[in-house]
Amino acid sequence: MTYEQQDYCFCTLALRKKYRQLTQQLASELAKYAPGKMFVVLTDQPAEFKDYANVLAFKHNQRGILHCYHDKSLVMELALAKFPAAIYIDADTTILSPLPDNLHWKPGITAGHCENLVAHVTRYTPERLPHIRKVAAHLDITLEDAPYIGESLFMIARDEGREIAYLKYWAKIGRYLELRGIHAGSGNAMGLAAAKVGWDVSREGWSEVRNVTKHLDASYTNKQSVWDLWKRKLGYHYRLNKARLTALTDFQFFYR
């Protein structure tokens, strides 16, 4: 069986040295515990993955203004162009044991951490709610029915093209929220996009993957050199200005 004939793949982002190293480790674990499954990676240094037979690495420069959280929509878009379904897994995740055989998911999105979006935002980040309501109003989304979706491990299966619309909405909503200073919590944009395309979040098949993984959350221990911080500062201002220009056409309604 060639990789194009497989029923699903894994995918992740590997930007900057620490996350490239974590992704290399994850690739080795997937080769051991999910043999034959491909791992689609967007990274700033694709050459570092040339010795990993299960990795399809593609060049990527961060598009998120401060963080790369919404760039997950881009690697998922690439993965779904090549495979019928894809598992997004954060690079700072370790695989503990073999994945079950014959994993399948319903068309659309499957995730574990899923609750009402308004309830989630009100509990943790109520200052974001006005901006989220503005997005919902413009996109004609019934906000009270929108979910918050956990972003570190989720699956998307093709759904007659709705997956393409979903990922485009996620990216655009994420860009608007970033321009309003909301750089974290991509589960907000994911939930709004799901409501827009009419997806309910399935949980079937998620726990089977979650039970054999452990998310380490390396963002809390991500020490950087002065040079790295300087480069990130320059990159931040470049991406901010680029996002503002893009928003002039994508989100004119937000500036009325």
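Residues numbered from 1 in each chain as written. Predicted model: local features only at pLDDT ≥ 70, side-chain atom pairs only at ≥ 80, totals over all residues. Heavy atoms only, no water.

### Quick word on the pattern of salt bridges
Pairs may arise between side chains of opposite charge once their charged atoms sit close together. Short version of the rule: Each reported salt bridge corresponds to a side-chain nitrogen of Lys or Arg within 4 Å of a carboxyl oxygen of Asp or Glu. The helix count covers DSSP runs of H or I at least four residues long, the strand count covers runs of E at least two residues long, and both are numbered beginning at the N terminus. Classification of residues uses two cut-offs on accessible area relative to the type maximum, computed with a 1.4 Å probe and protein chains only: under 20% is buried, over 50% is exposed, and between them is partly exposed.
Within this structure, the stated rule accounts for 12 salt bridges. Between E48 and R20 there is a salt bridge, and its shortest N-O distance comes to 2.9 Å. Of this pair, E48 sits in the loop between β2 (39-43) and β3 (55-59) while R20 is found in helix α1 (residues 17-33), placing the two residues 28 residues apart along the sequence. Between K50 and D51 there is a salt bridge, with its nearest N and O atoms 3.5 Å apart. The pair K50 / D51 is uniform in exposure class, with both members exposed. In this structure, a network of salt bridges that share partners links the residues R20, D44 and E48.

### Some thoughts on the packing of aromatic side chains
Definition in use: The pairing test for Phe, Tyr and Trp rings, Trp by its six-membered ring, is centres within 6.5 Å, and the orientation test on the planes gives stacked under 30 degrees, edge-to-face over 60, and tilted for anything in between.
Considering all chains together, one arrives at seven aromatic pairs under this definition. Both rings, one in Y8 and one in W105, keep their centres 5.1 Å apart while their planes meet at 90 degrees; by these two values the pair is edge-to-face. One end of the pair, Y8, is in the segment before β1 (9-14); the other, W105, is in the loop between β5 (93-95) and β6 (108-111), and 97 residues separate them in sequence. The exposure class of Y8 is buried, given its relative accessible area of 5%.

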